[in-house]
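Analysis of the macromolecular model
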Amino acid sequence: EGRWQGQADPPLNERGREQAHHAAQYQRQFGFAALYSSDLRRAMETAQIIGAELGMEVIPEPRLREINLGKWQGMLSADIEAQYPDEFRRWHTSPLTAHPPDGEDVPALAVRVLETVNKIIARHPKRRVGIVAHELPIAIVLCRSAGLGLEHLRDMIPENGAWSEVVLEGALK
């Protein structure tokens, strides 16, 4: 319906649960050493479905949350555009410099996510780790792991329920 989630905390809907079950079946092949998740309900529920399939406990990690959209969280696109026209336009034309009112900007999100993923990697050297997160945190990891700048962020946003395998030789920058 065009509602901006950010760190709003709705549960998964039935389609989301179906996607999580599908992902869980596929993830069996990887032999994860650990399974981490954003602590927002939609990610935790996904991770718990995957964890149940794999016989693993989920480690909640709040720093894997989606971007904090401040006053925009839970709003419809049309309402954001009407109430915050300049900020909304900047979000679409120059997302790296946009800052939702009372929210977080993309560069701050990138610092938070990359620090967190690097700590997770350091805890499990040379091991496979599952991470359940959200669109922008995943896109940031995909950009950095491909050696791309954040200006490519929108090109890396995954579909809901998608998964990506990222092979890292060291810390993300």
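Now for a quick tour of the structure. (Residues numbered from 1 in each chain as written. Predicted model: local features only at pLDDT ≥ 70, side-chain atom pairs only at ≥ 80, totals over all residues. Heavy atoms only, no water.)

**Re the packing of aromatic side chains**
Counted according to the given criterion, the structure contains nine aromatic pairs. Taken together, the aromatic side chains of Trp-4, Trp-72, Tyr-84, Phe-88 and Trp-91 make up a single cluster linked through ring pairs. (Phe/Tyr/Trp six-rings, centres within 6.5 Å; stacked < 30°, edge-to-face > 60°.)

**Comments concerning the packing of helix H1 (residues 14–27) against helix H2 (residues 41–54)**
Relative placement of two packed helices is described by the angle separating their axes and the distance separating the axes. The geometry of H1 relative to H2 is characterised by a closest axis approach of 8 Å and an angle of 35° between their N-to-C directions. As H1 runs across H2, the sense of the crossing is right-handed. Residues Arg-17, Ala-20, His-21, Ala-23, Ala-24, Gln-25 and Gln-27 of H1 form the contact with H2, whose own contacting residues are Glu-45, Thr-46, Ile-49, Ile-50, Glu-53 and Leu-54. Taken together, the residues of the contact of H1 with H2 sort by class into six nonpolar, four polar and three charged. (Axes fitted to C-alpha atoms, helices over the stretch in contact; angles between N-to-C directions. Helix = DSSP H or I, 4+ residues; strand = E, 2+ residues; numbered from the N terminus. Left-handed = near helix turned anticlockwise from the far one by under 90°. Contact = heavy atoms within 4.5 Å. Nonpolar A, V, L, I, M, F, W, Y, C, P; charged D, E, K, R; others polar.)

**Considerations on the pattern of salt bridges**
Pairing between side chains of opposite charge can happen when the charged atoms of each approach one another. Inspection of the entire model under this criterion finds ten salt bridges. Note that Arg-17 and Glu-14 form a salt bridge whose closest N and O atoms lie 3.3 Å from each other. With Arg-17 and Glu-14 both in helix H1, this residue pair falls three residues apart, about one helical turn. We classify Arg-17 as partly exposed; its relative accessible area is 26%. Asp-102 is paired through a salt bridge with Lys-71; the nearest N and O atoms lie 3.7 Å apart. Of the two residues, Asp-102 is situated in the loop between helix H4 (85–93) and helix H5 (106–123) and Lys-71 in the loop between strand S2 (58–60) and helix H3 (77–83); the sequence distance between them amounts to 31 residues. For Asp-102, a relative accessible area of 59% translates into the label exposed. (Salt bridge = Lys/Arg side-chain N within 4 Å of Asp/Glu carboxyl O. Buried < 20%, exposed > 50% of the residue type's maximum accessible area, 1.4 Å probe, protein only.)

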